[in-house]
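# Tertiary structure, described
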Amino acid sequence: MFQLSLKNLLRNKRRTFLTGASVSLTLILVCLLGAVLTAMESAEGSADNRIVVRSAISLTFSLPESYWQRLQQMDHVLAVTPLNWFGGIYKDERPENFFAQFSCDPQTLLDVWPEYQIPQDQVATWRQERNSFICGQALADKYGWKIGDQIFIKGSIYPVDLTLTLRGIYTEPNAPSAEKSIYFHRKYLEEALGNPGQVGTFFLRIDSPDNVGTVVQHAEAMFENSEAQVRAETEKAFSLSFLEMLGNIRMFLGAIGAAIVVSLLFITANTMAMAARERTSEVAVLKTLGFRQGHVVRLVMFESLAVGLGGALVGLGLAYVLVRGAARGMENVFPIFGTLAVTPPVALLALGLGILIGLVSGGFPAWQAARLSIVDGLRKLA
Amino acid sequence: MSDPLIQLRGVTKVYRRDQFEIPVLEGIDLDIAEGEFVALMGPSGSGKSTLLNLMAGVDSPTSGRIVVAGSDIAQLGEGELAPWRHRNVGFIFQFYNLIPVLTARENVELPLKLASLSRQDRRLKVETALELVGLADRMDHYPKQLSGGQKQRVAIARALVTAPTFLLADEPTGDLDAASASDVLDLLGQLNQEFQKTTVMVTHDPRAAERARVLYHLEKGQLQREHTGAV
Amino acid sequence: MQIPIKYNIRTLFVRRGNTLMTIASIAFVVLVYVGVLSLAAGLRASLGSKGDAANVIVLRDGARAETESYFEKDKFRILSTLPGIATGPSGEPLASGELVILQILKRSDGSESNVALRGVDEVAFLLRPAFKIVEGRQFRPGVGEIIVGRRLAERFPGLALGKQIKLGRLEFTVVGTFDSGGTFDSEVWGASDDLGNAFRRENTYSSVLVRTGSPDEAEALIAQIEGDQRLKLSAETEPAYFKEQTTATSQQFVVLGNALAILMGFGACFAAANTMYSHVAARAREIGTLRALGFRRRSILGAFVFEAAILGLVAGVIGVVLALPLNGVSTGTTNFLTFSEVTFGLRTGPQEMIGGVLLAVLTGVIGGLPPAVSAARREITALLRER
């Protein structure tokens, strides 16, 4: 029986191919959009016991250095470290040469990011040398940097240019995107600016995720009446706030995805129906030979399921390859898309859609075929 | 005696199926004079339709000459054959082959679209042809609104409208009941007699064959002149 | 085209189940394509005031956008004495020192974004003739009043006309909404001293907009500013600056739109091909008949390609009509170069519509070509034997 189905599919290879290909193509799109939406909502590398404190006005305003101590004295706070986003230009302004540059406090940075793995001797040299920096393994690989190499970064937000020597390379196996940053001494930047004592963000490590809410509230309250009010939030919320800025573009992407699925349904259902219609007479012959309705229904359904599923599998495979390519292409424009991948839920969704399309598009013709009276079918044969 | 209108000499046709060669026609010689009404009979697969297709210029022989009105169509390429067919052949099919989405009038008008005629000329010719086949009152009907006999008469009008050199009919009554078949044969006979339209008809209906003046029998690729019919 | 057009159109109508499905699938592709193009067009229109080539924008050297630029007001005083700067009605130099500040505000859907606040003085309006108040009135300096870009007021409830809002450490009142014909419609404007005071930026400006007599004078002024070692400022013409701001952001959508259109277009081509193949298969005898009547191969080819093109055309028009309600839908995103909110309306203009229809026709023709070729290439005798 299934053999007959397969033979039928092979009989009209062109149509089987066209149908399968349109299923594949559309599922590729679904996977791509799914991957983008997933990447947008993931905040890789953010720990649930880290808090970010920044100016309540916006990220372009900084906080006084004196807040450092006051934050450190709060209950449940294990460590505090200041970070400033430098946002300079390495080599040229092309997006693929963009990476995150932070001015930091080398003494406390690793207390807040204990998951960074870096040899102790490298840390020691880095801490001593004022114009040195550490970078993630991924970034070092990308540019072929070795310990001792010097790099030049032109200031953009700050009117300061940096000349830095690489003294350490860290790894973070759980968050590859975190390996695309460099960290240098905040003192270097402060001195160049004339010691304004300004900090862009403070990162706090809390003793337990349960206490995060309390610390957030206390931190905001503590500076309520100070010259610079602060906003405190979890690291994840902080990451997502950048995506929030993209606005309802996300909604548009979702709508596009829905439109694609609907048009896919049209295309496939149409073709399936066409295939079934052409075989009306054949079905009649099968029936005169004694095949029952159930057989005929299964015959048609199996065919459309095979096309739906086959198309879905091919589409998934291609999407996997494409998404990896896209991830590589986009990670520098939107670092968060570096994590772009066809995640299991997206893959399952695509597979499910493939099956659904097979079922829906086979359902109607199967029902028609089953209902067909032998006489009508044979008449078409004449 | 003047040259025949259609002259076949040593015409063979071999079909190739995979590695097998199937000879269908083996050295056919045939002369059809102008104004003849010829019937070709023969069992299924005898090659009578192939012979008709060769004369219609929709198929080409493996070897041999097919001279129609002085020109050897076996030598023509498809680019020259299409206009040749348009000028010379009126083709009538077993299943009428009317375009279902066009009315009787539009179906008959179709071949005239190939000629550079004014709208009025076309209209006049179409109406004349439809009147000739007795369908003046059915001009704006679609094929599905017509009976089998009426459809075949529309098809005959379509074949006639370009004033072709000859008519070719492939089982024109094969799909019709006896009464309609008789009507269609009457019409073909009338056209032959009144307008001296040379007509070649393939059929396996003996009653149809009786109407022809010359009957050929085709069997196993060979042609035999059977008898000279009525009239 | 010798085969009558109505033959094609009526045939499409006869096989309407099939035809409608194909039209629907192509129309969806067009809908998505036109939607994304409208996004890009709207964004381009909102960011892309063309600017005046006689106007020069001055930023701190190294800064790529006003939002990351700041310098002492002293430099502004030096700037405004440079030669080549045009003068206003009362003889004042047409140089507008402006303070741009980003403030986090809530959108109507509860999400947050950075909104650009621009502190200006009267001269700013002389430099922007397109600027006009739409509702309410102009702000008065010194009393904490602001005016808000028209679209921004729609999308940020806190910035509606008459609302009180805390910016920095001071309270402001929204007294008007304005239309600047582009770029500034996503901004909040107030007196530069008021905003400077609220954010303790009394002594800095972010940018200076300068008017010169002609594009040539503008170039000369730029050379002079960039050559001056004391200033450490960079300058470029207004059109050049606007263009940089626009392309990066809207380009992403154009790329997205094209990528989607190509991928989905392929899918739709398959649909069109399938439909036309079935049309061709079902009409084999008709084709054979036409050929036997004397129609040439190329007439058959033309007829089927034409049929597919009509299919695409109808689908394209439907898709564009479906996309029309998108026109004017207000949305917003962040321009990551300036790090600030851009609010804009989707713009479905003639260009976007024509693009959509063309895509559909192209889809139809590409999809219809292989079946048309196969129809034209088959032997007449084989076609006539088909049922």
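Residues numbered from 1 in each chain as written. Chains lettered and ligands numbered in written order. Predicted model: local features only at pLDDT ≥ 70, side-chain atom pairs only at ≥ 80, totals over all residues. Heavy atoms only, no water.

## Describing the nonpolar core
Counting residues in each nonpolar core, the largest one holds 55 residues, and the members touching the most others are Ile256 and Ile260 of chain A. Elements represented by at least two residues in this core include exactly helix 2 (13-41), helix 10 (249-278), helix 12 (293-330) and helix 13 (344-371) of chain A together with helix 2 (16-47), helix 8 (238-282), helix 10 (297-323) and helix 11 (350-377) of chain C. For this core, the element with the highest residue contribution is helix 2 of chain A, accounting for 12 residues. For isoleucine 260 of chain A, the contacting residues outside a window of four places in its chain are Thr26, Leu29, Val30 and Leu33 of chain A together with Leu260 and Met264 of chain C. Tyr96, Val154, Ala159 and Leu176 of chain B belong to the second largest nonpolar core, which has 37 residues in total. (Core = buried A, V, L, I, M, F, W, Y, C linked by side-chain atoms within 4.5 Å. Buried < 20%, exposed > 50% of the residue type's maximum accessible area, 1.4 Å probe, protein only. Helix = DSSP H or I, 4+ residues; strand = E, 2+ residues; numbered from the N terminus. Contact = heavy atoms within 4.5 Å.)

## Side note on the environment of tyrosine 142 of chain B
With respect to the helices and strands, the residue tyrosine 142 of chain B is situated in the loop between helix 4 (119-132) and helix 5 (148-160). Spatially, the C-alpha atoms of tyrosine 142 of chain B and valine 101 of chain B are 7.1 Å apart, while their sequence positions differ by 41 residues. Excluding its chain neighbours within four sequence positions, the residues that come into contact with tyrosine 142 of chain B are Pro100, Val101, Leu102 and Thr103 of chain B together with Arg10 of chain C.

## What about the sheet that holds strand 1 (residues 6-17) of chain B?
All names here are of chain B. Pairing within the open sheet is antiparallel, and its 4 strands lie in the order 2-1-4-5. Two strands close off the open sheet at either side, each with one partner strand: strand 2 (20-32) and strand 5 (71-72). Pairing analysis gives 2 bridges linking strand 4 (residues 63-68) to strand 5, with the strands arranged antiparallel. When the sheet's bridge partners are listed, valine 67 is paired in strand 5 with aspartate 72. (Pairing = 2+ DSSP bridges.)

## Quick look at empty space enclosed by the protein
The gaps of empty space that remain are located by a probe, the size of a water molecule, rolled over the atoms. According to the stated counting rule, one finds 6 cavities of 30 Å³ or more in the structure shown. Of the pockets and cavities examined, the largest cavity occupies roughly 230 Å³. Around the largest cavity sit 18 residues that line it, and Thr183, Glu187, Gln245, Thr338 and Ser340 of chain C are the ones nearest its centre. Tallied by class, the residues present in the lining of the largest cavity amount to 7 nonpolar, 7 polar and 4 charged. When residues of the lining of the largest cavity are sorted by domain, at least three fall in each of domain 1 (5-48 + 245-385) and domain 2 (55-211) of chain C. Taken as a whole, the second largest cavity holds about 110 Å³ of empty space. In terms of lining residues, the second largest cavity is bounded by Arg54, Leu59, Ser241, Phe242, Glu244 and Met245 of chain A together with Ile104, Glu112, Ser113, Asn114 and Phe339 of chain C. Of the residues assigned to the lining of the second largest cavity, the class counts are 5 nonpolar, 3 polar and 3 charged. (1 Å grid on protein atoms, 1.4 Å probe; cavity = no way out; pocket = protein on both sides within 12 Å on 5 of 7 lines; lining within 4 Å. Points joined across faces, edges and corners; volume = space filled by probe spheres on them. Nonpolar A, V, L, I, M, F, W, Y, C, P; charged D, E, K, R; others polar. Domains from an automatic or database assignment.)

## Some remarks on the packing of helix 10 of chain C against helix 11 of chain C
All names here are of chain C. Contact geometry of helix 10 with helix 11 gives a least axis separation of 7 Å together with a crossing angle of 150 degrees. Of the possible angle classes, the one that applies to helix 10 and helix 11 is roughly antiparallel. The interaxial crossing formed by helix 10 with helix 11 has right-handed handedness. Its residues assigned to classes, the contact of helix 10 with helix 11 comprises 20 nonpolar, 5 polar and 2 charged. (Axes fitted to C-alpha atoms, helices over the stretch in contact; angles between N-to-C directions. Parallel < 35°, antiparallel > 145°, perpendicular 65-115°, else oblique. Left-handed = near helix turned anticlockwise from the far one by under 90°.)

## Thoughts on the domain arrangement of chain C
Residues and elements named next belong to chain C. Segmenting chain C into domains produces domain 1 (5-48 + 245-385) and domain 2 (55-211). The C-alpha centroid of domain 2 is placed 45 Å from the C-alpha centroid of domain 1. Counting from both sides, the interface comprises 19 residues of domain 1 and, opposite them, 18 residues of domain 2. In total, domain 1 and domain 2 occlude about 1,300 Å² of area from one another, counting both sides; carbon and sulfur atoms represent 44% of this. The largest per-residue losses of area from domain 1 upon contact with domain 2 belong to Ser330, Glu341 and Thr343, which jointly make up 41% of the total buried on that side. Across the domain 1-domain 2 interface, the total number found is 1 salt bridge. For the salt bridge of arginine 107 with glutamate 341, the shortest nitrogen-to-oxygen distance reads 2.8 Å. The tally of links from domain 1 across to domain 2 stands at 3 residue pairs in polar contact (both at pLDDT 80 or more). Secondary-structure elements contributing two or more residues to the side of domain 1 that touches domain 2 are helix 2, strand 13 (330-335) and strand 14 (340-345). Per-element tally for the side of domain 1 that touches domain 2: the top contributor is strand 14, with 6 residues. (Buried area = accessible area lost by both parts, 1.4 Å probe. Salt bridge = Lys/Arg side-chain N within 4 Å of Asp/Glu carboxyl O. Polar contact = N/O pair within 3.5 Å; in protein donor to acceptor, adjacent residues only side chain to side chain.)

## Description of the pattern of salt bridges
Here the structure, examined in full by the defined rule, presents 35 salt bridges over all chains. Where arginine 50 of chain A meets glutamate 235 of chain A, a salt bridge forms, and the shortest distance between an N and an O atom there is 2.8 Å. Of this pair, arginine 50 of chain A sits in strand 1 (residues 50-55) while glutamate 235 of chain A sits in helix 9 (residues 235-244); the two residues are 185 residues apart in sequence, bridging distant segments of the chain. Of the two residues, arginine 50 of chain A and glutamate 235 of chain A, neither departs from the other in class, the shared state being buried. A salt bridge links arginine 283 of chain C to glutamate 307 of chain C; its shortest N-O distance comes to 2.7 Å. Of this pair, arginine 283 of chain C sits in the loop between helix 8 and helix 9 (284-292) while glutamate 307 of chain C sits in helix 10, and the two are 24 residues apart along the sequence. Note on accessibility: arginine 283 of chain C and glutamate 307 of chain C belong to one class, buried. Look at the salt bridges and you will find they share partners, linking Glu66, Glu98, Arg118, Arg128 and Glu187 of chain C into a network.

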